[in-house]
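As a plain string of letters, each chain reads:
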Amino acid sequence: QVQLVESGGGLVQPGGSLRLSCAASGTILRIYNMGWYRQAPGAQREMVATINDGDSTNYGDSVKGRFTISGDNAKNTVYLETNSLKPEDSAVYYCRADVQSKIGAGAFRYWGQGTQVTVSS
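If a strand is regular, its side chains alternate between the two faces of the sheet. By the bridge criterion, six bridges tie strand 1 (residues 2-7) to strand 3 (residues 18-26) in an arrangement that is antiparallel. Residue pairing across strands places Leu4 opposite Ala24, the latter belonging to strand 3.

Within this structure, the stated rule accounts for seven salt bridges. Glu46 serves as the salt-bridge partner of Arg38, at 2.8 Å between the closest nitrogen and oxygen. On the basis of relative accessibility, which here comes to 4%, the residue Arg38 falls in the buried class. For Glu46, a relative accessible area of 32% translates into the label partly exposed.

Cut-off values and rules
- Residues numbered from 1 in each chain as written.
- Predicted model: local features only at pLDDT ≥ 70, side-chain atom pairs only at ≥ 80, totals over all residues.
- Heavy atoms only, no water.
- Pairing = 2+ DSSP bridges.
- Helix = DSSP H or I, 4+ residues; strand = E, 2+ residues; numbered from the N terminus.
- Salt bridge = Lys/Arg side-chain N within 4 Å of Asp/Glu carboxyl O.
- Buried < 20%, exposed > 50% of the residue type's maximum accessible area, 1.4 Å probe, protein only.

Quick look at the structure:
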């Protein structure tokens, strides 16, 4: 079993910043990639940023130049630095990871429970 736990969300004023964290734990053999996705009420879930085990990154168009994703392989943790936050960034941010488990023959996709980010004056 693998678990993903997000943290760092909260209420922030427009123009502010938050640092989100996602820690993976459990019977992990290898993590191929991790990423952040977000979903606002009534909206489609969208990709925010991803990073793979070669440190290649990808960003959604709406956050390019404002957000930065990074990882700590030793801690099985991924971070999302959010800057210049706008009200339209408000959403539940979910962590996703593709993981090969010690007890499984293949890789599986795992999701965290999400952390709320609210951008408001």
